[in-house]
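# Summary of structural features
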Amino acid sequence: MTNTSSSPPPHGPQARFAAELRELRRQNLTKPTLDALGRSMGCARSNVSLILSGRRFPSWEHMCALVEALGGNPADWRDRWLGARREIEEAGRAGDAGPAAPPPPLPFDPSVLAGGEALPGIHWYKDNREFYEAAAERVRSARSEIRVTYTRRYPPDQTSTNASREYFRSVLDWAAADSEDERAVRRIIGLPEREGVPDKDVLAWVRRHHEEAEGILNYEAAVLRWTAAADGLNMALIDDSVAFLAFSGGSRQRLNGFSVEHPRFMGYFAAHFDQLWVALPSLAHYLEELPDGQR
């Protein structure tokens, strides 16, 4: 896969683990293709490529399926997988994943980073419609990877304007498109809950969304259990090109934000997203593990 990811080059335990998987593939006499491995794992070839390149740390399920497809024994890999995951999590807690720097005090010029480096490509959007229209347009022109989050107290179908509906549809359409390009969509869904009980409206939407996206091999979702009585910061990271940041609050339709086209800015948010992604259960696994009374 061509390296168009906005995340920093892989290093440390994640890179070492990927190198070990590549060596296992090299030793396999049949030399299975990415397409064949994707079929064995039940995922897109782009996801296999991201794992083997060290850009994505595999879930336990994907790791087992990949090792089996390469002729290995998953039991022999459990300790090294757990060790690599532990090192990645420890690095994240220590700040190695690159947390975003705190904003400078007002007044300030938002087009200039600390140290005087110019930050070009800032676009401010005046309202919900303008923000979502711009985001949908960039989604449709994406080349290889889209990372998005949705953490709100209301499901999308209760907050939707025409522009937001088109944006959500464009993400799934892009993932499902018949294309020769390797592409992947990852979405983190912040599911509000109180005292361990998920919000019924958002949970109902999550189930519908899972059914709608289940057959799209280039699309994956994970769940973040969200206990704050407020919306989270939402973002859309498209290739290594642009980051859209959305801010909501008050009424259900109140949302606007801005976008930035700058690799350094993108790197902070991409690292934060990837750190969350490694630690979260897949949407399918989350739904399977719900207590009987919440299913």
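Relevant structure appears above.
So, here's what we can say about the structure. (Residues numbered from 1 in each chain as written. Predicted model: local features only at pLDDT ≥ 70, side-chain atom pairs only at ≥ 80, totals over all residues. Heavy atoms only, no water.)

Along the backbone of the protein there are eleven helices and eight strands. Looking at the protein as a whole, 47% of its 295 residues are labelled buried. Working note: accessible area of the protein is about 14,900 Å², and carbon and sulfur atoms make up 52% of it. (Helix = DSSP H or I, 4+ residues; strand = E, 2+ residues; numbered from the N terminus. Buried < 20%, exposed > 50% of the residue type's maximum accessible area, 1.4 Å probe, protein only. Areas by Shrake-Rupley, 256 points an atom, 1.4 Å probe, with all protein chains shown as cover.)

Another aspect to go through is the pattern of salt bridges. In this structure the tally under the stated criterion is 20 salt bridges. For Glu-20, the salt bridge identified is with Arg-80, shortest N-O distance 3.7 Å. Taken together, the positions of Glu-20 in helix 1 (residues 12-27) and Arg-80 in helix 5 (residues 74-93) put the pair 60 residues apart, joining distant regions of the chain. Residue classification places Glu-20 among the partly exposed residues on the basis of a relative accessible area of 33%. (Salt bridge = Lys/Arg side-chain N within 4 Å of Asp/Glu carboxyl O.)

Below, the discussion takes up helix 9 (residues 200-213). Think of an α-helix as turning once every 3.6 residues; residues three or four places apart then point the same way. Compared with the 20 Å implied by 1.5 Å per residue over 14 residues, the 20 Å span of helix 9 between its first and last C-alpha is a close match. Every buried residue of helix 9 is accounted for by Val-202, Leu-203, Trp-205, Val-206, His-209, His-210 and Ala-213. Looking straight down helix 9, one finds that the buried residues subtend no more than 160° of arc, so they occupy a single side. Across helix 9 from its buried face, at more than 90 degrees, point the exposed residues Lys-200 and Glu-211. A distance of 3.0 Å separates the backbone nitrogen of Asp-201 from a side-chain oxygen at the start of helix 9, and that oxygen is part of Asp-199. (Expected span 1.5 Å × (residues − 1). Arc of directions from axis to C-beta. Polar contact = N/O pair within 3.5 Å; in protein donor to acceptor, adjacent residues only side chain to side chain.)

A separate point is the packing of helix 2 (residues 34-41) against helix 4 (residues 60-69). In contact at an axis separation of 9 Å, helix 2 and helix 4 are set at 130° when each is read in the N-to-C sense. Here helix 2 lies oblique to helix 4, going by the angle between them. For the pair helix 2 and helix 4, the sense of crossing is right-handed. Listed contacts from helix 4 to Leu-37, Ser-40 and Met-41 of helix 2 are His-62, Ala-65, Leu-66 and Ala-69. (Axes fitted to C-alpha atoms, helices over the stretch in contact; angles between N-to-C directions. Parallel < 35°, antiparallel > 145°, perpendicular 65-115°, else oblique. Left-handed = near helix turned anticlockwise from the far one by under 90°. Contact = heavy atoms within 4.5 Å.)

Our focus in this paragraph is the nonpolar core. In globular proteins that are soluble, nonpolar side chains generally tend to be buried together. Tyr-167, Val-206, Tyr-219 and Phe-244 are the most contacted members of the largest nonpolar core, which has 40 residues in total. Not counting chain neighbours up to four residues away, the residues in contact with Tyr-167 comprise Tyr-132, Ala-135, Ala-136, Val-139, Val-148 and Ala-236. Counting residues in each nonpolar core, the second largest holds 21 residues, with Leu-21, Cys-43, Ala-65 and Leu-70 among its members. (Core = buried A, V, L, I, M, F, W, Y, C linked by side-chain atoms within 4.5 Å.)

Before going further, it helps to examine the packing of aromatic side chains. The geometry of an aromatic ring pair is captured by two quantities: the separation of the ring centres and the angle between the planes. Within this structure, the stated rule accounts for 16 aromatic pairs. Plain terms: the ring middles of Phe-17 and Phe-57 are 5.4 Å apart, the flat faces sit at 50° to each other, and that makes the pair tilted. One end of the pair, Phe-17, is in helix 1; the other, Phe-57, is in the loop between helix 3 (45-53) and helix 4, and 40 residues separate them in sequence. Centroid distance Phe-247 to Phe-258: 6.0 Å. Interplanar angle 15°. Geometry classified as stacked. In this pair, Phe-247 is assigned in strand 7 (residues 242-248) and Phe-258 in strand 8 (residues 255-260), connecting sequence segments eleven residues apart. Residue classification places Phe-247 among the partly exposed residues on the basis of a relative accessible area of 41%. Classification of Phe-258 by relative accessible area gives buried; the value is 17%. Joined through ring pairs, the aromatic side chains of Tyr-125, Phe-131, Tyr-132, Tyr-150, Tyr-167, Phe-168, Trp-205 and Phe-244 make up one cluster. (Phe/Tyr/Trp six-rings, centres within 6.5 Å; stacked < 30°, edge-to-face > 60°.)

Keep in mind these numbers describe shape, not what the thing actually does.
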